[in-house]
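# Geometric and topological summary
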Amino acid sequence: MTESSEGQKVADQDNHTLETHTRPDGLALRLLPYIDKYGILIVIFVMVAVLYVTQPDVFLSWRNITNIFKQTAVNAMLSIGMFLAILTAGIDLSIGSVMMLGMMSAGVAQFAGMPWPIVLILAPLAGMGAGLVNGIGITKLRMPHPFIMTLGMLFMARGLGNLISGGVPLTGFPDAIRFLGSYQIPLGEYDGTRFNLPVALVLTIVVYIAFSLMLKHTVLGRRIYAIGGNPEAARVSGINVDAVLITVYGICGFMAGIGGLLLIGRTSSAFPTAGTGAELEAIAACIIGGASFFGGRGTVLGVFGGVIVMGLIKNGLNLNNVSVFYQQILIGAIIVIAVFLDVLRREIGTRK
Amino acid sequence: MVATGKRKSETSSQRPIIEGRGISKFFGAVTALNDVSFELYPGEVLGIVGDNGAGKTTLMKVLSGLYKASEGDLLFEGQPAHFNSPKDARKLGIEMVYQDLALAGNMAIAENIYLGREPRNKFGFYHLGASQKMARKHLSNLKIHVKSVDQKVEELSGGQRQAVAIARATAFDAKVVIMDEPTAALAIREVGKVLDLIKNLKDRHISVILISHRMDDIFYVCDRVVALFQGTNFAESPLEDTSRSEVIGWIMGTKENPGELSHDRVE
Ligand SMILES: Nc1ncnc2c1ncn2[C@@H]1O[C@H](COP(=O)(O)OP(=O)(O)O)[C@@H](O)[C@H]1O
Ligand SMILES: [Mg+2]
């Protein structure tokens, strides 16, 4: 600020800097960022401790741990795509069906005798195609909310998947296709136990690191956050919001296709019910991981934590022979609690 | 409109940097602007006043490329200008600080300042370090003090947000900065800082258009004032040739015997 006030009725004379006001509700506010960042780690730690106590022999075995990651890899792929949509304050309800469409596309190509690289690439490409259609619908057809467009795609993609496959499972894929979802890299033997590293786990880690870097260090990533924070601000700042959104939904569909490849790998099959409800599990993982439905908030690490929590719940309850019905109740309760925490966080955050 | 003679040397006998001729804007059946003309001179702070709905914001959105005029011409430095988006206006150095500020609260100060014009490194990646460094330098040029450029905008007070919005508008060689009621939502203690910031821009020879309801604002920083009434030009004067009560009269659509008005502000 300039020094002069020239005798004008300018209220503020005491202090020529724009300083932050300290707000009274200190503790809750100061804890908030840490809960934001590390809350999920605490949840995971507690779950691991509980599961270890209940199943000391099995739970922390290498075999069980890799199993958890193998089983959660599909959800991990879907969740990270969903996370981008949620970051923009959107949602993609279609990814479960889009994953199935990708699987069926690969299956049809496989049984039409196409070479494996083409089969392999077809799943994510079909997924990306569906995602781009979502993005174009949301932006250019000016749908009132991504919910609508992707709900439409949920039906269209599954219908299309069944149409091209004849509505029957396509089974029997070659190893090259199944590699991502089923291959285990042998690490050697130690103390009578064989240690293998599932490719699906490696892929999950690589993808999550890539997304984290993309969101932090590319202009696209920063704009995704900006659009989630304030779409109007992004627009008047000259950001091509439509292009970013189309890209986001395209990536989301692409990742659904990758998830489809992993599922084909695990089951050696593309089947009509694949991915039913998978979009909801992905949403759950994002929310549990701290992504905000209001947009612009959440981290890749958080989503990874959310995916792990979902995996731990399933694995732990299976190990302890708890009925799947309890799994559903537990996951549902955790979702509600996680969103409630988000609401609280916003209330504290906006209180001035 | 005729450019009224000005005593201040810097604004006299110069070519306007922006000139609007006969601008009209229709929204369906609504006429927001009807045949409005104005000019803005280099280094000048032009106040725009008018009642709610007078068309001030609409006129500024036309100027900043957010709206297209239904009729009329815009001239920039004497040349016809056609804006299809705020980007086009920005290329010529016309920046707008929006009434609702248009900041992304979830992002840091530095990121907001360079939103849409992010610095990149040589590999094309977002260059966080550069944006922080540039932001620090730019803010200190404007004498805006913040704790850290990494602070999230949602943690800032209203006045600080306004300062960030102004910093963004001036981050790249702005020639004209348009501010739509920058003090309306501020605590009194912060108003003076924002007004001083406007003076600071003027010292840097940036033209400013200031929309405000507060006579204190207008009479503290403006060189000239233009009044709109129901979408039309109503009156215009250099500041030294008018008075608060006369300007308040213009806002209410009257030009006669304003002297008696006791209050200072029209909401
Ligand atoms: N996008 C729009 N659609 C329809 N009418 C509008 C729109 N923007 C402004 N108007 C109308 O134009 C007139 C001028 O509005 P505005 O420029 O916002 O006035 P001011 O900023 O002076 O208060 C008002 O009657 C308003 O209702
Ligand atoms: Mg207005």
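Keep in mind the model is a prediction, meaning the values are calculated, not measured. (Residues numbered from 1 in each chain as written. Chains lettered and ligands numbered in written order. Predicted model: local features only at pLDDT ≥ 70, side-chain atom pairs only at ≥ 80, totals over all residues. Heavy atoms only, no water.)

## Here's the deal with the overall build of chain B
A count of helices and strands for chain B gives 8 helices and 10 strands. Whereas a compact globule of 267 residues would reach a radius of gyration of roughly 18 Å, chain B reaches 19 Å, a difference of no more than 12%. Judged by the C-alpha coordinates and their principal axes, chain B covers about 60 × 40 × 40 Å. Within chain B, the proportion of its 267 residues that are buried is 60%. Put simply, 66% of the contacts in chain B that link residues at least 6 apart link residues at least 24 apart. For chain B, the computed accessible surface area is about 10,900 Å², with 49% contributed by carbon and sulfur atoms. Charged side chains of chain B number 34 positive and 34 negative; the gap between the two group centres comes to 8 Å. (Helix = DSSP H or I, 4+ residues; strand = E, 2+ residues; numbered from the N terminus. Rg over C-alpha atoms; globule rule 2.2 N^0.38 Å. Buried < 20%, exposed > 50% of the residue type's maximum accessible area, 1.4 Å probe, protein only. Contact = heavy atoms within 4.5 Å. Areas by Shrake-Rupley, 256 points an atom, 1.4 Å probe, with all protein chains shown as cover. Lys, Arg positive; Asp, Glu negative; His and termini not counted. Charge placed at Lys NZ, Arg CZ, Asp CG, Glu CD.)

## Some remarks on the pairing of strand β1 (residues 18-27) of chain B
All names here are of chain B. Of all 10 residues in β1, 7 are buried, a share of seventy percent or more. By the bridge criterion, 7 bridges tie β1 to strand β2 (residues 30-40) in an arrangement that is antiparallel. Considered in β2, the bridge of Gly 20 is made with Phe 38. With antiparallel pairing between neighbouring strands as the criterion, β1 and β2 make up a hairpin whose turn holds 2 residues, including Gly 28 at a positive phi of roughly 60°. Sheet topology note: the β1/strand β4 (residues 71-76) ladder contains 5 bridges and is antiparallel. Bridging across to β4, Gly 20 finds its partner in Leu 74. (Pairing = 2+ DSSP bridges.)

## A word on a nonpolar patch on the surface
A contiguous nonpolar surface patch, about 540 Å² in accessible area, is contributed by Met114(A), Ile118(A), Ile121(A), Leu125(A), Met128(A), Leu132(A) and Ile136(A). Residue placement: Met114(A) occurs in the loop between α3 (95-111) and α4 (116-140). (Patch = residues over 30% accessible without salt bridge, like charges linked within 9 Å, V, L, I, M, F, W, Y side chains within 5 Å. Salt bridge = Lys/Arg side-chain N within 4 Å of Asp/Glu carboxyl O.)

## With respect to the sheet that holds strand β5 (residues 79-80) of chain B
Residue and element names in this part refer to chain B. Here 4 strands make up an open sheet; going across it, the order is β2-β1-β4-β5 and the pairing antiparallel. One side of each edge strand has no neighbouring strand; the edge strands of this open sheet are β2 and β5. Of the strands in this sheet, β1, β2 and β4 touch helix α1 (residues 56-63), which is tilted by about 60° from β2. (Axes fitted to C-alpha atoms, helices over the stretch in contact; angles between N-to-C directions.)

## Thoughts on the environment of Arg117(B)
Turning to its location among the elements, Arg117(B) is positioned in the loop between α3 (109-113) and α4 (128-141). Sequence separation of Arg117(B) and Ile198(B) is 81 residues, and the distance between their C-alpha atoms is 23 Å. Leaving out residues up to four positions away in the same chain, Arg117(B) has contacts with Arg223(A), Arg90(B), Glu95(B), Arg168(B) and Phe172(B).

## Some points on the sheet that holds strand β10 (residues 232-238) of chain B
Residues and elements named next belong to chain B. Taken together, the 6 strands give an open sheet; going across it, the order is β6-β7-β8-β3-β9-β10, and neighbouring strands pair in mixed fashion. Two strands lie at the open edges of the sheet, namely β6 (94-97) and β10, each paired on one side alone. Each adjacent strand pair in this sheet contributes to an overall mean axis angle of 20°, direction not counted. Contacts from helix α5 (residues 158-169) reach β6 and β7 (176-180) within the one sheet, and its direction differs from that of β6 by about 170°.

## Points about the confidence of the model for chain A
Looking at chain A, the pLDDT average stands at 88 and 90% of residues meet or exceed 70. Taken as a whole, residues 1-24 of chain A scores under 50 in pLDDT and shows 62 contacts with residues more than four places along the chain or in a different chain. (pLDDT = per-residue confidence, 0-100.)

## A closer look at α4(B)
Residues and elements named next belong to chain B. Spanning 14 residues, α4 covers 20 Å between terminal C-alpha atoms, matching the ideal 20 Å at 1.5 Å per step. Among all positions in α4, only Ala 130, Ser 131, Gln 132, Ala 135, His 138 and Leu 139 are buried. Once α4 finishes, Lys 143 follows within two positions and takes phi at roughly 60°, a positive value. (Expected span 1.5 Å × (residues − 1).)

## Re the packing of α3(A) against α4(A)
Residues and elements named next belong to chain A. Interhelical geometry of α3 versus α4 gives an angle of 145° and a closest axis separation of 8 Å. For the element pair α3 and α4, the recorded crossing hand is right-handed. Note on element contacts: α4 touches α3 through Val 119, Leu 122, Ala 123, Ala 126, Gly 127 and Ala 130, opposite Val 98, Leu 101, Gly 102, Ser 105, Ala 106, Ala 109 and Gln 110. (Left-handed = near helix turned anticlockwise from the far one by under 90°.)

## What about the nonpolar core?
Residue and element names in this part refer to chain A. Judged by nonpolar contacts, the single largest core of 95 residues is most densely connected at Phe 83 and Leu 215. With 14 residues, the top contributor of residues to this core is helix α2 (residues 62-87). Contacts of Leu 215, omitting those with residues within four sequence positions, involve Phe 83, Leu 84, Leu 87, Gly 221, Arg 222, Ile 224, Tyr 225 and Val 300. (Core = buried A, V, L, I, M, F, W, Y, C linked by side-chain atoms within 4.5 Å.)

## Considering the site of ligand 1
Residues and elements named next belong to chain B. In the vicinity of ligand 1, the contacting residues are Phe 27, Ala 32, Asp 51, Asn 52, Gly 53, Ala 54, Gly 55, Lys 56, Thr 57, Thr 58 and Tyr 67. One of the side-chain nitrogen or oxygen atoms of Thr 57 is found 2.6 Å away from an oxygen atom of ligand 1. The fraction of the free accessible surface of ligand 1 (560 Å²) that becomes covered by protein chains is 63%. Per-element accounting of the shell around ligand 1 gives the leading share, 3 residues, to α1. A breakdown of the residues in the shell around ligand 1 according to their chemical character gives 4 nonpolar, 5 polar and 2 charged. (Near = heavy atom within 4 Å. Polar contact = N/O pair within 3.5 Å; in protein donor to acceptor, adjacent residues only side chain to side chain. Nonpolar A, V, L, I, M, F, W, Y, C, P; charged D, E, K, R; others polar.)

## Some points on α1(B)
All names here are of chain B. The element α1 is extensively covered by neighbouring structure, given that 7 of its 8 residues are classed as buried. Residues of α1 that are buried: Lys 56, Thr 58, Leu 59, Met 60, Lys 61, Val 62 and Leu 63. Of the residues one or two after α1, Gly 65 is the one with positive phi, at around 90°.

## Concerning the state of the cysteines
Here is the idea: a disulfide is a covalent bond, and it sits between the sulfur atoms of two cysteines. All names here are of chain A. Counted under the stated rule, the structure contains 0 disulfides over all chains. Unpaired in terms of disulfides, Cys 252 finds its nearest cysteine sulfur in Cys 286, a separation of 8.7 Å. Judged by its relative accessible area of 1%, Cys 252 falls in the buried class. (Disulfide = S-S within 2.5 Å.)

## Quick word on the packing of aromatic side chains
Residues and elements named next belong to chain B. Within this structure, the stated rule accounts for 8 aromatic pairs over all chains. Summarising the aromatic geometry, the rings of Phe 229 and Phe 234 are spaced 5.4 Å apart at their centres and angled 50° between planes, so their arrangement reads as tilted. Take Phe 229: its relative accessible area is 22%, and that puts it in the partly exposed class. Its end group placed over the ring of Tyr 220, Lys 199 keeps NZ or CZ at 4.1 Å from the ring centre. Here Lys 255 stacks its cationic end above the ring of Phe 234, 4.6 Å away from the centre of that ring. (Phe/Tyr/Trp six-rings, centres within 6.5 Å; stacked < 30°, edge-to-face > 60°. Lys NZ or Arg CZ within 6 Å of the ring centre and 35° of its normal.)

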